[in-house]
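Here are the chains, one letter per residue:
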Amino acid sequence: MMGKARVIVTGGSGKAGQWILKHFVENEYEVINLDVKAPAEPICRTIITDLNDLGQVHNALSAFSSGNRQEVAGIVHFAAIPQAYTHTNDVCFRNNVMSTYNILEAAANLGIKKVVLASSESSYGICFASEFMEPQYVPIDEAHPQLPEDSYGLSKVVNEVTAQAFHRRTGMQVISFRLGNILVPENYAELKANFDNTEARLRILWSYIDARDVASACLKAIEVDGLGAEALIIAADDSSSNRLTRDLVAQYLPGVKDIRSSLEGRTSLISNAKAKKLLDWEPKFHLMEQS
Ligand SMILES: NC(=O)c1ccc[n+]([C@@H]2O[C@H](COP(=O)([O-])OP(=O)(O)OC[C@H]3O[C@@H](n4cnc5c(N)ncnc54)[C@H](O)[C@@H]3O)[C@@H](O)[C@H]2O)c1
């Protein structure tokens, strides 16, 4: 008898991952979490797995893929060191690149056909640049050059290229989410209390995305068919500043002359238009409505 649809989530013990686990469970998936640590709240089964070790990845995935149950719908790979300079550069690069390579290699070998990867707005290079670098145009979209100097941003660019290679090798659908700064419900009060410190979020171009909207995008990306290897910006419609976007650009990004939209109101400087179109996805959790 066919059971529930199955999905594997990596990094499910982390900030975004816990919301992703919950969302798939709520949507009647059988979910397994692969992480080096257990989650604070046991939402589903976790197998402690170091994704740097291909043997462990294979073993964990094949345990979940075997038998005559329904095939694995896909893998949502969020495990990573999630920023630059918390670890040495080489450790961050190796962890993020090898864990992603191993997930894709094992998925290819086991015939898993869909993978979602957590990439980042940091792949554009602005966030962790040693000298502040303005975007070449706004709103940034997926065609904007990715110019990281840090090993975290570089790891995300490499992972997107690895995704393309695996798509060529096996035809698997690999969608890389260039995520804005992820917020969970407990982040909103502090963020709003610091609205006056506008510059604090300049490096992320005031981007944000609620973890619950990340989770809904993951589900859409596992359920959609025929996308190949795509990078999609996953960000809110609006910015995480209380100021008008046009004023932010005038004050903090004076060198940006190529302005490609009317920048109405508090609109985001990183565009989610492609994700909305290809995934039929809408972010629903808006900063100004959260307390
Ligand atoms: N937090 C953000 O604002 C943000 C923004 C853009 C992109 N991202 C990306 O989203 C993803 C999730 O970010 P997060 O903030 O939830 O991070 P997090 O650190 O809270 O969670 C990441 C999880 O990955 C696990 N992990 C790391 N390396 C592992 C390995 N080798 N094997 C097994 N597990 C491993 C960690 O134990 C942790 O539970 C990451 O890929 C990150 O780069 C995050």
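Please refer to the structure placed before this passage.
An account of the accompanying structure is given in this report. Everything numeric in this text was worked out from a predicted model, so none of it was measured. (Residues numbered from 1 in each chain as written. Predicted model: local features only at pLDDT ≥ 70, side-chain atom pairs only at ≥ 80, totals over all residues. Heavy atoms only, no water.)

Some details on the nonpolar core
Move 1: Of all hydrophobic cores here, the largest spans 36 residues; its most connected members are I20, F24, V76, F78, F177, I234 and L279.
Move 2: For this core, the secondary structure elements donating two or more residues are β1 (6-10), α1 (17-26), β5 (114-120), β6 (173-179), α6 (211-223), β9 (229-234) and α8 (273-279).
Move 3: The dominant element in this core, judged by the number of residues it contributes, is α6, at eight residues.
Move 4: Setting aside anything within four residues of it in sequence, one finds I234 in contact with F177, R178, L179, G180, I209, A217, A275, L279 and W281. (Core = buried A, V, L, I, M, F, W, Y, C linked by side-chain atoms within 4.5 Å. Buried < 20%, exposed > 50% of the residue type's maximum accessible area, 1.4 Å probe, protein only. Helix = DSSP H or I, 4+ residues; strand = E, 2+ residues; numbered from the N terminus. Contact = heavy atoms within 4.5 Å.)

Things to note about the site of the ligand
Move 1: With respect to spatial proximity, 26 residues lie near the ligand, and among them K15, D35, N95, Y152 and I182 are the closest.
Move 2: At 3.3 Å from a nitrogen atom of the ligand is found a side-chain nitrogen or oxygen belonging to D50.
Move 3: Here the ligand has 820 Å² of accessible area as a free molecule, and 89% of this is covered by the chains.
Move 4: At the level of elements, β5 and α4 (151-170) are the ones that each hand at least two residues to the shell around the ligand.
Move 5: When residues in the shell around the ligand are grouped by element, the largest group, three residues, is from β5.
Move 6: Residue classes in the shell around the ligand are distributed as eleven nonpolar, ten polar and five charged. (Near = heavy atom within 4 Å. Polar contact = N/O pair within 3.5 Å; in protein donor to acceptor, adjacent residues only side chain to side chain. Areas by Shrake-Rupley, 256 points an atom, 1.4 Å probe, with all protein chains shown as cover. Nonpolar A, V, L, I, M, F, W, Y, C, P; charged D, E, K, R; others polar.)

Comments concerning the packing of aromatic side chains
Move 1: Throughout the structure, instances matching the rule amount to five aromatic pairs.
Move 2: When the centroid spacing of 5.4 Å and the interplanar angle of 65 degrees are considered together, the rings of Y101 and F166 count as edge-to-face. With a gap of 65 residues between them, Y101 in helix α3 (residues 89-110) and F166 in helix α4 connect regions that are remote in the sequence.
Move 3: Accessibility expressed as a relative area gives 30% for Y101, which makes it partly exposed.
Move 4: Between F128 and Y152, the ring centres sit 6.0 Å apart and the planes meet at 90 degrees, which makes this aromatic pair edge-to-face. In this pair, F128 sits in the loop between β5 and α4 while Y152 sits in helix α4, placing the two residues 24 residues apart along the sequence. Like F128, the residue Y152 is buried in the burial classification.
Move 5: Put simply, the rings of Y85, F128 and Y152 touch in pairs and so form one group of aromatic residues. (Phe/Tyr/Trp six-rings, centres within 6.5 Å; stacked < 30°, edge-to-face > 60°.)

Examining the state of the cysteines
Move 1: If you walk through the whole model with that rule in mind, you get zero disulfides.
Move 2: Residue C92 stays outside any disulfide, its sulfur separated by 12 Å from that of C127, the closest cysteine.
Move 3: On the basis of relative accessibility, which here comes to 1%, the residue C92 falls in the buried class.
Move 4: Sulfur of C218: no disulfide; nearest cysteine sulfur belongs to C44 and is 14 Å away. (Disulfide = S-S within 2.5 Å.)

Overview of the pairing of β5
Move 1: Burial analysis of β5 places seven of its seven residues in the buried class, the great majority of the element.
Move 2: Across the two faces of β5 the burial is the same, with K114, V116, A118 and S120 and V115, L117 and S119 all buried.
Move 3: Alignment of strand β4 (residues 72-77) against β5, held across three bridges, turns out to be parallel. By the bridge assignment for β5, V76 is matched with V116.
Move 4: Each parallel crossover has a hand, and the one from β4 via α3 to β5 is right-handed.
Move 5: Here seven bridges tie β5 to β6, and the two strands are oriented parallel to one another. Counterpart to S120 in the pairing with β6 is L179. (Pairing = 2+ DSSP bridges. Right-handed = clockwise from strand over helix to strand, strands pointing away.)

A short note on the pattern of salt bridges
Move 1: Here the structure, examined in full by the defined rule, presents 13 salt bridges.
Move 2: Notably, a salt bridge pairs E105 with R169, separated by 3.4 Å at the nearest N-O pair. Here R169 lies in helix α4 and E105 lies in helix α3, a separation of 64 residues in the sequence.
Move 3: For R169, a relative accessible area of 48% puts it in the partly exposed group.
Move 4: E160 is paired through a salt bridge with R178; the nearest N and O atoms lie 2.7 Å apart. Here E160, found in helix α4, pairs with R178, found in strand β6; they are 18 residues apart in sequence, far enough to count as distant. In this structure, E160 and R178 share a single accessibility class: buried.
Move 5: Because the salt bridges share partners, they merge into one network encompassing D237, K276 and E282. (Salt bridge = Lys/Arg side-chain N within 4 Å of Asp/Glu carboxyl O.)

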